[in-house]
Amino acid sequence: MAEAEKKQRFDLSLALTERLHRLIPGGAHSYAKGDDQYPVDTLPILVRGQGCRVWDADGNEFVEYGMGLRTVALGHAFRPVSEAAARQIQLGSNFSRPSVLELKSAEALLHLVGGDMVKFAKNGSDVMTAALRLARAYTGRDRVAVCADHPFFSTGDWFIGTTPMDAGVPRAVAGLTLQFRYNDLASLEAVFDEHPGELAAVVLEAETRTVPEPGFLESVIELGRRRGALIILDEMITGFRWHNGGARAFHQIDPDLVAYGKALGNGFAVSALVGRREIMELGGLHHSRPRVFLLSNTHGAEGPSLAAACEVIRIYQEQPVVETLWRQGQRLADGVRRVVTSAGLDGYFDVVGRPCHLVYVARDAEHQPSQAFRTLFLRETLRRGLLMPSMVVSYAHDDAAIDSTIERVGEALTIYKRALEDGVERFLPGRPSQPVMRRFN
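Here's what I pulled together on the structure shown here. (Residues numbered from 1 in each chain as written. Predicted model: local features only at pLDDT ≥ 70, side-chain atom pairs only at ≥ 80, totals over all residues. Heavy atoms only, no water.)

With that settled, the discussion passes to helix 4 (residues 79–91). Between its first and last C-alpha atoms helix 4 spans 19 Å; for 13 residues at 1.5 Å apiece the expected length is 18 Å, and the two agree. By the burial criterion, the buried members of helix 4 are Val81, Ala84, Ala85 and Gln88. In an axial view of helix 4, the angular spread of the buried residues amounts to 95 degrees, which keeps them on one side of the axis. In helix 4, the exposed positions angled more than 90 degrees off the buried face are occupied by Arg79 and Gln90. Its buried side turned inward, helix 4 meets helix 5 (100–113) and helix 13 (303–318). (Helix = DSSP H or I, 4+ residues; strand = E, 2+ residues; numbered from the N terminus. Expected span 1.5 Å × (residues − 1). Buried < 20%, exposed > 50% of the residue type's maximum accessible area, 1.4 Å probe, protein only. Arc of directions from axis to C-beta. Contact = heavy atoms within 4.5 Å.)

In the structure shown here, the tally under the stated rule is 25 salt bridges. A salt bridge links Asp193 to Arg227; the shortest N-O distance between them is 2.7 Å. Here Asp193 is found in helix 9 (residues 185–194), whereas its partner Arg227 is found in helix 10 (residues 216–227), with 34 residues between them in sequence. We note a salt bridge from Glu318 to Arg314, for which the minimum N-O separation is 2.5 Å. Linking Glu318 with Arg314, this pair stays in helix 13, spanning four residues, or about one helical turn. (Salt bridge = Lys/Arg side-chain N within 4 Å of Asp/Glu carboxyl O.)

To continue, consider the sheet that holds strand 7 (residues 199–204). The sheet built from seven strands is open, its strands ordered 4-10-9-8-7-5-6 with mixed pairing. The open sheet has two edge strands with one neighbour each: strand 4 (117–121) and strand 6 (177–180). Taken over all neighbouring pairs, the strand axes of this sheet differ in orientation by 20 degrees on average, direction set aside. Note: strand 5 (residues 143–147) against strand 6, four bridges, orientation parallel. Bridging from a neighbouring strand, Val144 pairs with Thr177 of strand 6. (Pairing = 2+ DSSP bridges. Axes fitted to C-alpha atoms, helices over the stretch in contact; angles between N-to-C directions.)

Structural data, given as structure tokens:
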């Protein structure tokens, strides 16, 4: 591996990076993919993917653990999904009336995850914002409480206004969004008490890297119902990873509205808002209340993506996808923790989260989370053929890929340990990576 590391170069990728920045603000279409999230001298620009591997413009091969920002749970270019989309392309991609495929997709998703009605869209932000609009219409209230410990819910002003990156968000809009803490029911009760009769909805993920305390999720739902607010569950990440039915089924909870996306299309652009009929129908024709402009996207029912989603759902029902994600994630976590201990780095580098959705925490010599050490780890793993912004596995990560990864992580950690002893600046050219949500560049 050391020999392969010496041969790896990023010259063409770095040149392409400059061209991207001249034409695209930030050089990418998602801030999480931006150059400021990676080391300055190892910025691969990708050209293709297959299974759990991707290749960049310089010909470097990587085992990937970001998996398209968690959209690709089956593996890149998963043939049955790609072929389903290709077949639909030959039949037409978009029409002027609803298609049979829309009905088939709705039936398939609701059968898998539960719920009464569904509306499809192209990204998580749109369906989360639609869920909030529904909640406001249904309750006649304006305010929303969002979990402050969960990193992202929407590009909509109602959420972005709570972040340091709030330029362009009217204060009047941002002021309608309040925050509470995860696993802290009292903090949510305080929000309700401070704004009686004003909250339309409570928005949260079932979990991220922190496991809910016993009874917390159930208590949130009970509190919301008692106070007249809807519960909106963001399942962009937990859906199609924790359980076939998502975290809703995994935790056996019953929120009012649930948003899905990411792995639903295995990389194809499709998201979905699922909910109770009495709420969802406000966006339809069969009621006498004021009409809600729920979702009306020209490409919301675009055929190839819905065909891909139907195939994804079929595969989840017929193959042990979720079981594999948990098993292979556990194999990876156990192995990485083993090499961390062997390197004497316990307390300096941690693997956290459920096996189906692992992330890591890089710490400095004072045991504090460190962007510099995170960047160093990214750099050393990239140089060893790993694209590892997280440690998220896919259905395509077999034992050989996992075991090879563990070995390479062990090699990278030898540099990490030296940086703890001699100073990280000696091993890291350029600036460290930065949090996405910051006020200034």
